[in-house]
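So the chains spell out like this:
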Amino acid sequence: MLFMAAGLFQDPKTLRAGKLLIAEPFLADPNFARTVILLCEHSEDGTVGFVMNRPTDATFGTLFPLSRLASRTVYQGGPVQLDTICILQRAPQAATGHLVLPGIYWGSDIETVEEEVATGIKTPEDVQFYLGYSGWGIGQLADELQSGTWLIADASAALLFDTPREELWRKALETLGNDYKNLANLPLNPQLN
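Computed from a prediction, not measured in an experiment: that's the story for all the values here. (Residues numbered from 1 in each chain as written. Predicted model: local features only at pLDDT ≥ 70, side-chain atom pairs only at ≥ 80, totals over all residues. Heavy atoms only, no water.)

(A) View of the overall build of the chain. Check the secondary structure of the chain and you find seven helices and ten strands. Put simply, the chain has 193 residues, and 46% of those count as buried. Put simply, 61% of the contacts in the chain that link residues at least 6 apart link residues at least 24 apart. For the chain, the exposed surface amounts to about 9,600 Å²; the carbon and sulfur share of it is 51%. (Helix = DSSP H or I, 4+ residues; strand = E, 2+ residues; numbered from the N terminus. Buried < 20%, exposed > 50% of the residue type's maximum accessible area, 1.4 Å probe, protein only. Contact = heavy atoms within 4.5 Å. Areas by Shrake-Rupley, 256 points an atom, 1.4 Å probe, with all protein chains shown as cover.)

(B) The arrangement of the pattern of salt bridges in detail. Within this structure, the stated rule accounts for six salt bridges. Among the ionic pairs, lysine 122 bridges to glutamate 116, the shortest N-O distance being 2.3 Å. Of the residues examined, glutamate 116 reaches a relative accessible area of 6% and is grouped as buried. The partner of arginine 170 in a salt bridge is glutamate 167, and the shortest N-O contact between them spans 3.8 Å. You can call arginine 170 partly exposed: its relative accessible area is 27%. The exposure class of glutamate 167 is partly exposed, given its relative accessible area of 28%. Because the salt bridges share partners, they merge into one network encompassing Arg90, Asp126 and Asp162. (Salt bridge = Lys/Arg side-chain N within 4 Å of Asp/Glu carboxyl O.)

(C) Region of the structure containing the environment of lysine 19. Along the chain, lysine 19 turns up in strand S1 (residues 19-23). Residue classification places lysine 19 among the buried residues on the basis of a relative accessible area of 10%. The sequence separation of lysine 19 and leucine 38 amounts to 19 residues, and the corresponding C-alpha distance is 6.1 Å. When sequence neighbours within four positions are dropped, the list of residues in contact with lysine 19 reads Thr14, Ile37, Leu38, Leu39, Ile152, Ala153 and Asp154.

(D) View of helix H3 (residues 110-118). Ile110, Thr112, Val113, Glu114, Glu116 and Val117 are the residues of H3 that are buried. Lining the buried residues of H3 we find helix H2 (60-63), strand S6 (80-90) and strand S9 (127-136). Two residues or fewer past H3, glycine 120 is found with a positive phi of approximately 85°.

Any link to function would need more than the numbers given here.
In structure tokens, the structure reads:
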């Protein structure tokens, strides 16, 4: 892979909740090409995260028509358990949910999030919905990192909630510094260039 040749190997020991996995530019897997994944849980038993930049054609209202959050886009979180909807929320603190990084929580119940939006604790823009998730078993992600499939970066609330999804992969690469800025502009298939 490109990153191994360039000496840009990413150490799997740096993985933890709140880190981003950024797909290398030529990753051909249709589930993960040009994706950015927020890791929400990482332990010796495995890893769980959400693809942040794959919107579906559905809105939350498709699933829950009477919701205050009906207009919110539903994202494809990954290829695992596509019958499950997960919540990511931005808030100084959350009534329910698992802290991923300061100000970002994973999980909650819909009723609590609806109440927090209704009372102004958070806005609809502070809530994201994902169908399914991305998951790796023991050692699987470390193997992918060693082969150069992913780059690891720090996540931030601004990057995850304020960056247009079509720009997220490029912006995430740019957070890694000048060595990566040129990679952000590479075409998916260099033969078409």
